[in-house]
Amino acid sequence: MKNRDVLGAQGIVVPGPARYRSLLRDTAITLKGQPASRDTQALVLEQIMEEDRAERLILSWDNFLSFPQWVLKERLYPAAAERVRAFTQIFPEIEAEFHLAIRNPATFLPELFAKQRDKSFDQFMDGIDPMDLHWSEVIEDVLSNNPDVPFTVWCDEDTPLIWPEVLQAVSGHAEATPLIDTDELLAMIMSPEGLVRMNAYIDSHPVATATQRRRIVSAFLDKFALPERVELELDVPGWTEDTVTSLTHAYQQDIARIRAMPGVTFISA
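The following paragraphs examine the structure supplied in this document. (Residues numbered from 1 in each chain as written. Predicted model: local features only at pLDDT ≥ 70, side-chain atom pairs only at ≥ 80, totals over all residues. Heavy atoms only, no water.)

## Some words on the side chain of Thr-159
Structurally, Thr-159 is set in helix α8 (residues 159-171). Residue classification places Thr-159 among the buried residues on the basis of a relative accessible area of 6%. Of note is the side chain of Thr-159, whose polar atom sits 2.9 Å from the backbone oxygen of Asp-156. Not counting residues up to four positions away in its chain, the partners in contact with Thr-159 are Trp-154 and Leu-185. (Helix = DSSP H or I, 4+ residues; strand = E, 2+ residues; numbered from the N terminus. Buried < 20%, exposed > 50% of the residue type's maximum accessible area, 1.4 Å probe, protein only. Polar contact = N/O pair within 3.5 Å; in protein donor to acceptor, adjacent residues only side chain to side chain. Contact = heavy atoms within 4.5 Å.)

## Some words on the environment of Arg-214
Within the fold, Arg-214 resides in helix α11 (residues 210-224). Its relative accessible area of 13% is what places Arg-214 among the buried residues. A C-alpha to C-alpha distance of 5.7 Å links Arg-214 and Leu-161, two positions 53 residues apart in sequence. Excluding its chain neighbours within four sequence positions, the residues that come into contact with Arg-214 are Leu-161, Ile-162, Glu-165, Ser-268 and Ala-269. Side-chain polar atoms of Arg-214 contact the backbone oxygen of Ala-269, separated by 3.5 Å.

## Here's the deal with the packing of α8 against α11
Two numbers describe how α8 lies on α11: the axes approach to 9 Å, and their chain directions differ by 155 degrees. Of the possible angle classes, the one that applies to α8 and α11 is roughly antiparallel. Along this stretch, α8 crosses α11, giving a crossing that reads as right-handed. Where α8 abuts α11, its residues Leu-161, Ile-162, Pro-164 and Glu-165 lie against Ala-210, Arg-213, Arg-214, Val-217, Ser-218 and Leu-221. A per-class count over the contact of α8 with α11 returns 6 nonpolar, 1 polar and 3 charged. (Axes fitted to C-alpha atoms, helices over the stretch in contact; angles between N-to-C directions. Parallel < 35°, antiparallel > 145°, perpendicular 65-115°, else oblique. Left-handed = near helix turned anticlockwise from the far one by under 90°. Nonpolar A, V, L, I, M, F, W, Y, C, P; charged D, E, K, R; others polar.)

## A word on the environment of Val-264
Positionally, Val-264 belongs in strand β5 (residues 264-267). On the basis of relative accessibility, which here comes to 13%, the residue Val-264 falls in the buried class. The sequence separation of Val-264 and Thr-240 amounts to 24 residues, and the corresponding C-alpha distance is 33 Å. Among all residues touching Val-264, those that are not within four sequence positions of it are Ile-139, Leu-143, Phe-151, Val-153 and Ile-258.

## Thoughts on helix α7 (residues 135-145)
For α7, the full list of buried residues reads Trp-135, Ser-136, Val-138, Ile-139, Val-142 and Leu-143. Along α7, the residues classed as buried sweep out an arc of 160 degrees about the axis, all on the same side. Where α7 is buried, its residues meet α4 (80-90), β3 (98-102), α5 (105-113), β4 (151-155), α13 (241-259) and β5. (Arc of directions from axis to C-beta.)

## Here we look at the environment of Thr-248
Relative to the helices and strands, Thr-248 is located in helix α13. Between the C-alpha atom of Thr-248 and that of Met-131, which follows or precedes it by 117 residues, the distance is 9.6 Å. Those residues in contact with Thr-248 that lie beyond four places of it in its chain are Asn-104 and Ala-106.

## Here's the deal with the sheet that holds β3
The sheet built from 3 strands is open, its strands ordered β3-β4-β5 with parallel pairing. Each having just a single partner strand, β3 and β5 make up the two edges of the open sheet. The sheet shows a mean angle of 25 degrees between the axes of neighbouring strands, direction not considered. Two strands pair when backbone bridges link them, and β4 and β5 are joined in this way by 4 bridges, in the parallel orientation. (Pairing = 2+ DSSP bridges.)

Quick look at the structure:
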């Protein structure tokens with residue numbers, strides 16, 4: 001959103017989320033899985049975009065796959081594949097791509113629970129063993145129901161390190177396009193002094209590759225990370241340190257499965 005003008009010059013349109021969140025959901029419900037007519041497509045695009053045309057249209061929402069109260073029903077995001085298919089049917093003549101950040105269930109579940117209303121943690125989990133929750137199942141379902149849709153995945157935990165690559169993947173902007181506030185996520189977990197020193201270092205030592213930049217960012221995070229922002233304290237009924245360790249190990253195994261999936265582009269740190 002902060003780089004709309006720069007991206008717009010390349011035909012990349014980034015509309016305000018209020019223009020499409022309810023619109024896309026309501027349109028998908030009306031279509032009931034059927035492809036939209038050209039008139040419907042034109043009407044929807046007219047409400048989303050101010051521009052006459054676009055090479056690429058960026059739509060993003062953390063509830064695209066589900067509202068928080070429906071994320072956990074026997075498994076993670078049981079309706080994900082159906083929702084993705086429904087969205088592609090709104091624009092059946094436009095090539096779609098999907099981009100998804102996944103997160104360690106050890107931190108994702110407590111965060112998701114915090115968004116529930118009037119539920120205990122046991123009611124929220126509803127008898128589900130957290131060890132049985134796998135992002136790979138969600139992605140496999142989406143791919144099997146949308147076999148021609150490119151799917152890019154990354155770990156939320158890595159986002160501060162790989163944010164420029166994520167922005168590049170999502171927006172498809174030209175290489176070397178100057179974007180503002182690409183350090184915004186780093187600023188949330190690194191001291192102001194550290195961020196200034198890191199940028200000064202990068203200015204005096206131009207970065208040639210994404211890998212080189214990640215190494216520099218990692219080195220400065222090691223020294224200037226804000227402990228209260230990077231060290232999460234989990235207070236979940238019945239969970240122990242062993243629970244978190246086991247969930248983290250299972251998550252790492254799940255990541256390996258996802259990386260090996262045909263059709264998936266994985267952005268890693």
